[in-house]
Amino acid sequence: MNREPNPQTVKHELDALALAFFRAVSFEPGSAPPYGDIHALFIDAGLLIKNTGTAPEVSSVREFIAPRQAMVDSGSLTRFREWELSETTQIFGNIAHRYSAYGKAGTMNGEAFEARGMISTQFVKTPQGWKMSAMAWDDERPGLSLPG
């Protein structure tokens, strides 16, 4: 008989993946961001979708990392931190979805910035364990704010 894994165990694995993503994009002044760690979190065809403007910016993991690494290498991005404020996770068999409110802060071209928004993350169970398959996000702006 094939038994489904304990939902609490799966939730713990998904929590760890989300935390690992936030750690992989965060760094303090004088340190290097561990962007390379992002590859192991996603399936090979994983997508990251920034949807904060008029059209979605769809990227592979490699395409997501490249411009961020270039900003760090050029010295324009000297600090960045992103963290989860709250989340709702739903699991069904070999798929899961997490809706996360997040905060982010950093220093770009010597100017500090902060923002908040929502991330929608899809997960799939693979023979290697749970992985992210897609992540899409949007930031707060006038007329669009996080729910209370």
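Residues numbered from 1 in each chain as written. Predicted model: local features only at pLDDT ≥ 70, side-chain atom pairs only at ≥ 80, totals over all residues. Heavy atoms only, no water.

What about the sheet that holds strand 3 (residues 77-92)?
Part 1 of the reasoning: Taken in spatial order, the six strands make up an open sheet running 2-1-6-5-4-3, and their pairing is mixed. One side of each edge strand has no neighbouring strand; the edge strands of this open sheet are strand 2 (57-60) and strand 3. Pairwise comparison of adjacent strand axes, ignoring direction, gives a mean angle of 20° for this sheet.
Part 2 of the reasoning: Here strand 1 (residues 42-50) runs beside strand 2; their pairing, made up of four bridges, is antiparallel. (Pairing = 2+ DSSP bridges. Helix = DSSP H or I, 4+ residues; strand = E, 2+ residues; numbered from the N terminus. Axes fitted to C-alpha atoms, helices over the stretch in contact; angles between N-to-C directions.)

Considerations on the nonpolar core
Part 1 of the reasoning: In terms of nonpolar packing, the biggest core is built from 27 residues, with Phe 21, Ile 38 and Phe 42 touching the most fellow members.
Part 2 of the reasoning: Only helix 1 (7-25), helix 2 (38-41), strand 1, helix 3 (61-74), strand 3, strand 4 (95-108), strand 5 (111-126) and strand 6 (129-139) provide two or more residues apiece to this core.
Part 3 of the reasoning: The leading source of residues in this core is helix 1, at seven residues. (Core = buried A, V, L, I, M, F, W, Y, C linked by side-chain atoms within 4.5 Å. Buried < 20%, exposed > 50% of the residue type's maximum accessible area, 1.4 Å probe, protein only.)

Thoughts on helix 3
It helps to recall that an α-helix has 3.6 residues per turn; residues three or four apart then point in one direction.
Part 1 of the reasoning: Helix length check: helix 3 (14 residues) gives 20 Å between terminal C-alpha atoms against 20 Å at 1.5 Å per residue, within 8%.
Part 2 of the reasoning: The set of residues buried in helix 3 consists of Val 61, Phe 64, Ile 65 and Val 72. One face of helix 3 carries all of its buried residues, which in axial projection span an arc of 85°. Facing away from the buried surface of helix 3 by more than 90 degrees, the exposed residues are Arg 62, Asp 73 and Ser 74.
Part 3 of the reasoning: On the buried face of helix 3, the contacting elements are helix 1, helix 2, strand 1, strand 2, strand 3 and strand 6.
Part 4 of the reasoning: At the exit of helix 3 stands Gly 75, carrying a positive phi of roughly 85°. (Expected span 1.5 Å × (residues − 1). Arc of directions from axis to C-beta. Contact = heavy atoms within 4.5 Å.)

A short note on the packing of aromatic side chains
Part 1 of the reasoning: For the structure on display, the rule yields five aromatic pairs.
Part 2 of the reasoning: Ring geometry for Phe 21 versus Phe 22: centroids 6.1 Å apart, planes at 70°, classification edge-to-face.
Part 3 of the reasoning: Here the aromatic rings of Phe 80 and Phe 113 are separated by 6.2 Å at their centres, their planes lie at 35°, and the arrangement is tilted. Of this pair, Phe 80 sits in strand 3 while Phe 113 sits in strand 5, placing them 33 residues apart in sequence.
Part 4 of the reasoning: Overall, Phe 113 belongs to the partly exposed group, its relative accessible area being 28%.
Part 5 of the reasoning: The ring of Trp 83 carries Arg 81 above its face, with NZ or CZ at 4.2 Å from the centroid. (Phe/Tyr/Trp six-rings, centres within 6.5 Å; stacked < 30°, edge-to-face > 60°. Lys NZ or Arg CZ within 6 Å of the ring centre and 35° of its normal.)

Observations regarding unusual backbone geometry
Part 1 of the reasoning: A positive phi angle is found at Asn 109, which is not glycine, with a value near 55°.
Part 2 of the reasoning: Structurally, Asn 109 can be placed in the loop between strand 4 and strand 5.

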